[in-house]
Amino acid sequence: MAIDFTFPPEIDDLRLKVRRFVAEVVRPREAEIEKRENDRRFLIQSIIEMRVAAKDWGLWLPHMPKEYGGMGVGHVAMAAVSAEAAKSAYGPYALNAQAPDEGNMHTLLHWATDAQKDKYLRPVCDGMVRSCFAMTEPEVAGSDPTLIETRATLDGDTWVVNGHKWFISGASGAAFAILIARTEDEPPIPQAANTAFLVDLPARGWTVVRDVLTMAGHHNHAEIRIENLRVPKENMLGGRGQGHLLGQARLGPARLAHCMRWVGQAEVALDMMVDRALKRFAHGSFLAEKQGIQWMIADSTMELYQCKLMVLHAAYKIDRGEDFRSEVSMAKHFVANALNRIVDRAIQVHGALGYSLDTPLARMALHARWARFADGADEVHQWRIAERTIAAFKTDGSTRAATGGLPV
Ligand SMILES: Cc1cc2nc3c(=O)[nH]c(=O)nc-3n(C[C@H](O)[C@H](O)[C@H](O)COP(=O)(O)OP(=O)(O)OC[C@H]3O[C@@H](n4cnc5c(N)ncnc54)[C@H](O)[C@@H]3O)c2cc1C
């Protein structure tokens, strides 16, 4: 039997070490940060101190290879590390494994030239700078990157870019952006129209219009005006017309990295749900003894179990170099929705306390909402999943290959 759901001892030690690190270093800081809600200076100082501690604990940059100062753990091990780290919103920042830098690091590792890696990848890995990924535009559906209107035209040795982006996470203060723009007028296929560029920031022609205020508050999701921005030819990332390919390659592991963090958040919510149900007394018994509450606990437990299995299996396929698109799509859709349901049930069991900001649940619910449409809306994943299931049936006379290709 080759199926083994245990980790090698060194990965299990790492997982438990991250759990201790979050409990002993990150959580106490999180409480302080939340008390001083609009104190950005304190937030930055806290992240720097947590990062110094992460280095001392040997927990720096788990997802990157050793030559970049990382720990070189694969995607399966990363599933365990990220789920533990994300039990606090600041855990991934402490380890330098936060979105969007984590996805950008993977992108640069696979697509950048050696010179680009030295200039852009190393400083992000060292934690000296932050980056952003600029693709979505307010005027066209972000779900369909073939519609991108931001345009880059070649003028001698320089690309001149004009366009409009929004929801660019981390853009204010980023040292560079990976920018997706249309370069091809008559591409062989619609997916070959866009190209990725590395843009040094701040830059003339790149204007942060505002930090878009969301239902979860201000979180540095910027609207950007791009007017006659000049990008040197050598700053093209990947080849001409490969922007879509690069975006897709980036999004696979980046989506799964989100799922890993969401598993951690869902576990926090379920733990809180049970803890509260054991302590709260009403109508002659504790909430935990009431069937209506037990159903919520049972449903959440089954869903979290499914989330964990789906994430681990998708990560296993990425580590083995197998086609992971379906498994990541299914995991992204399922985990995003399960997270929303589990957090909502936890709020229900807490009553007014759950609705207050005295527990992390209300903030978790607000953040969880974007999981269902960002990095691939539910319906787009469902469309792709159905396409693959139908294709599998047409090819094999069975849908088996579409359900993870598992040997059952
Ligand atoms: C918190 C947050 C952070 C983000 N960070 C970044 C970032 O750093 N960089 C970046 O470039 N973008 C970022 N985004 C943008 C995000 O990637 C887009 O929101 C996402 O791609 C969806 O695009 P859209 O918002 O334009 O929605 P649309 O594409 O307009 O879709 C709206 C809705 O239409 C429906 N829909 C779309 N297509 C189909 C279909 N084929 N079938 C059925 N229904 C469909 C879905 O219900 C979908 O939710 C971020 C968004 C959020 C909320």
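Parameters and conventions
Residues numbered from 1 in each chain as written. Predicted model: local features only at pLDDT ≥ 70, side-chain atom pairs only at ≥ 80, totals over all residues. Heavy atoms only, no water. Helix = DSSP H or I, 4+ residues; strand = E, 2+ residues; numbered from the N terminus. Near = heavy atom within 4 Å. Polar contact = N/O pair within 3.5 Å; in protein donor to acceptor, adjacent residues only side chain to side chain. Areas by Shrake-Rupley, 256 points an atom, 1.4 Å probe, with all protein chains shown as cover. Nonpolar A, V, L, I, M, F, W, Y, C, P; charged D, E, K, R; others polar. Buried < 20%, exposed > 50% of the residue type's maximum accessible area, 1.4 Å probe, protein only. Contact = heavy atoms within 4.5 Å. 1 Å grid on protein atoms, 1.4 Å probe; cavity = no way out; pocket = protein on both sides within 12 Å on 5 of 7 lines; lining within 4 Å. Points joined across faces, edges and corners; volume = space filled by probe spheres on them. Pairing = 2+ DSSP bridges. Core = buried A, V, L, I, M, F, W, Y, C linked by side-chain atoms within 4.5 Å. Expected span 1.5 Å × (residues − 1).

**Comments concerning unusual backbone geometry**
- Geometrically, the link from Ala 99 to Pro 100 is a cis peptide bond, its omega value of 0 degrees lying close to zero.
- Looking at the secondary structure, you find Pro 100 in the loop between α4 (91–94) and α5 (101–111).
- Between Leu 201 and the following residue, Pro 202, the backbone shows a cis peptide bond with an omega angle of -5 degrees.
- By the element assignment, Pro 202 lies in the loop between β5 (194–200) and β6 (206–214).
- In this structure, Asn 96 takes a positive phi of about 60 degrees despite not being glycine.

**Quick word on the site of the ligand**
- Near the ligand you find 18 residues, and of these Phe 133, Thr 136, Gly 142, Ser 143 and Phe 167 are the closest.
- For the ligand, a nitrogen atom lies 3.0 Å from a polar atom in the backbone of Phe 167.
- Glu 379 has a polar side-chain atom sitting 2.8 Å from an oxygen atom of the ligand.
- Contact with the protein chains covers 67% of the free accessible surface of the ligand, which is 980 Å².
- Counting residues per element, the ones that place at least two in the shell around the ligand are β1 (131–134), β3 (158–169) and α12 (378–396).
- For the shell around the ligand, the residue count by class is 11 nonpolar, 5 polar and 2 charged.

**Here's the deal with the environment of Glu 137**
- Tracing the backbone through its elements, the reader meets Glu 137 in the loop between β1 and β2 (151–155).
- Residue Glu 137 is classed as buried on the basis of its relative accessible area of 3%.
- With 26 residues separating them along the chain, Glu 137 and Gly 163 place their C-alpha atoms 8.5 Å apart.
- With near-sequence residues (within four places) excluded, Glu 137 lies in contact with Ile 148, Glu 149, Thr 150, His 164, Lys 165 and Trp 166.
- At 2.8 Å, the side chain of Glu 137 forms a polar contact with the backbone nitrogen of Glu 149.

**Describing the layout of surface pockets**
- Within this model, the second largest pocket holds a volume of roughly 1300 Å³.
- For the second largest pocket, the lining is made up of 42 residues, of which Phe 5, Lys 308, Leu 309, Leu 312 and His 313 are closest to its centre.
- Looking at the lining of the second largest pocket, the elements that each hand over two or more residues are α1 (9–35), α3 (75–85), α7 (243–279), α8 (291–319) and α9 (325–350).
- A per-element tally of the lining of the second largest pocket places α8 first, with 11 residues.

**As for the pairing of β3**
- Relative to β3, β2 runs antiparallel, the two sharing 5 bridges. Looking at the pairing, Arg 151 lines up with Asn 162 of β3.
- Hairpin geometry of β2 and β3 is characterised by an intervening segment of 2 residues between the two adjacent antiparallel strands and by a positive phi of about 65 degrees at Gly 156.
- Two elements, β3 and strand β7 (residues 217–232), share 9 bridges in a ladder whose sense is antiparallel. Across the sheet, the residue bridging to Val 161 is Leu 229, located in β7.

**Some words on the nonpolar core**
- Membership of the largest hydrophobic core comes to 66 residues, with the highest contact counts inside it found for Phe 21, Leu 95 and Leu 256.
- Elements that contribute at least two residues to this core include exactly α1, α2 (40–56), α3, α7, α8, α9 and α11 (361–368).
- If we ignore the near neighbours within four places in the chain, the residues touching Leu 256 are Val 311, Ala 314, Ala 315, Ile 318, Val 328 and Ala 331.

**Thoughts on α2**
- When the terminal C-alpha atoms of α2 are compared, their 24 Å separation across 17 residues agrees well with the 24 Å that a helix rising 1.5 Å per residue should span.
- For α2, the complete set of buried residues consists of Phe 42, Ser 46, Ile 47, Met 50, Arg 51, Ala 53 and Ala 54.
- Those residues of α2 that are buried lie in contact with α1 and α4.
- Count one or two residues on from α2 and you reach Gly 58, which has phi positive near 75 degrees.

**As for α8**
- Between its terminal C-alpha atoms α8 stretches 42 Å, which fits the 42 Å expected from 29 residues at 1.5 Å a residue.
- A positive backbone phi angle near 70 degrees is found at Gly 321, which sits one or two residues after α8.

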